[in-house]
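Observations on the model geometry
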Amino acid sequence: MGRKFFVGGNWKMNGSRESVKALVCSLSAAEIPAGTEVVVAPPAIYLSLVRETMDAKVGVAAQNCYKVASGAFTGELSPAMIKDCGAEWIILGHSERRHVFGESDELIGQKVSHALSAGVGVIACVGEKLDEREAGSTEKVVFQQTKVIADNVKDWSKVVLAYEPVWAIGTGKTATPQQAQEIHEKMRKWLKDNVSDQVACSVRIIYGGSVTGATCKELAGMADVDGFLVGGASLKAEFLDIIKAKK
């Protein structure tokens, strides 16, 4: 059986109650292809609102969590709390968490482990910065980040890997379909060599990095691109086009 196409919408730190309700209304009314799974990640303060008002055909994710269930960690959220709000997924290791907030590979690995043990699915992000790509270090960086994630996963059925070249996030630059395919294919081979054939064949590897309605069709046609993690475009009407990229 083929890998089910996965489209995630990361709303980042955007929205108000009014705009969130409008997005929920639009997505709930949308036709989602049978072979596509759609998940949106609103700001944490709107998680309950989105899950309670969104049609069940659309999944809900948090944008981050902490590595333990509870305690004196001001400003943090645990996977248990996220699950209690009805969300089914958590995005972890996003480049903005790594490079704006200084999260280390080690911390991201601990978060992945704890989120999965709490019964929440993980969208785990990896990707290189521009200077790393120009230095020819893309594979080294991506494989190192992937290894830390893999070391903390027991059940891969609850994991989606997202390749997000940092130089293409919010810049309007998109990796060419061929560039995306090349790295996705190499990530899949890394999984085959370091985890198992079964995981390499079944795990979904999605692409993130300025995905738009204009770029999504060709990207979706690549053999190892199993979907998208969409940023800014997930707040716009074109997200409905991206959802149908594989149709």
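Remember, predicted model here, so these are calculated numbers, not experimental data.

Side note on the overall build of the protein chain
Looking only at helices and strands, one finds 11 helices and eight strands in the protein chain. Compactness check: the protein chain gives a C-alpha radius of gyration of 17 Å against a globular reference of 18 Å for 247 residues, within 12% of the reference. With respect to the principal axes defined by its C-alpha atoms, the protein chain has extents near 45 × 45 × 35 Å. Contacts spanning at least 24 positions in sequence make up 72% of the contacts within the protein chain whose residues lie at least 6 apart. About 11,100 Å² of surface is accessible on the protein chain, with carbon and sulfur atoms providing 53% of the total. Where the 29 positive side-chain charges of the protein chain centre and where its 29 negative ones centre are 2 Å apart.

Some points on the environment of W156
Mapped onto the elements, W156 comes out in the loop between helix 7 (138–150) and strand 6 (159–163). Judged by relative accessible area, which is 10%, W156 ranks as buried. Expressed as a C-alpha distance, the spacing of W156 and G75, which sit 81 residues apart in the sequence, is 29 Å. Filtering out sequence-adjacent residues up to four positions away, W156 remains in contact with A150, L161, L191, V195, V199 and V203.

Overview of unusual backbone geometry
Unlike most non-glycine residues, K12 shows phi in positive territory, near 50°. Along the chain, K12 falls in the loop between strand 1 (5–10) and helix 1 (17–29). Of note, the phi angle at S210 is positive, near 55°, even though the residue is not glycine. Position of S210 among the secondary structure elements: in the loop between strand 7 (204–207) and helix 10 (216–220). A relative accessible area of 19% places S210 in the buried class.

Section: the environment of G221
Assignment of secondary structure puts G221 in the loop between helix 10 and strand 8 (227–230). For G221, a relative accessible area of 56% translates into the label exposed.

Some remarks on the side chain of R51
Relative to the elements of secondary structure, R51 occurs in helix 2 (residues 47–53). Given a relative accessible area of 14%, R51 falls into the buried group. In this structure the side chain of R51 is engaged in a polar contact, spanning 2.9 Å, whose partner is the side chain of E88. In contact with R51, not counting residues within four places along its chain, are A56, V58, G59, V60, C85, G86 and E88.

About the cut-offs
- Residues numbered from 1 in each chain as written.
- Predicted model: local features only at pLDDT ≥ 70, side-chain atom pairs only at ≥ 80, totals over all residues.
- Heavy atoms only, no water.
- Helix = DSSP H or I, 4+ residues; strand = E, 2+ residues; numbered from the N terminus.
- Rg over C-alpha atoms; globule rule 2.2 N^0.38 Å.
- Contact = heavy atoms within 4.5 Å.
- Areas by Shrake-Rupley, 256 points an atom, 1.4 Å probe, with all protein chains shown as cover.
- Lys, Arg positive; Asp, Glu negative; His and termini not counted.
- Charge placed at Lys NZ, Arg CZ, Asp CG, Glu CD.
- Buried < 20%, exposed > 50% of the residue type's maximum accessible area, 1.4 Å probe, protein only.
- Polar contact = N/O pair within 3.5 Å; in protein donor to acceptor, adjacent residues only side chain to side chain.

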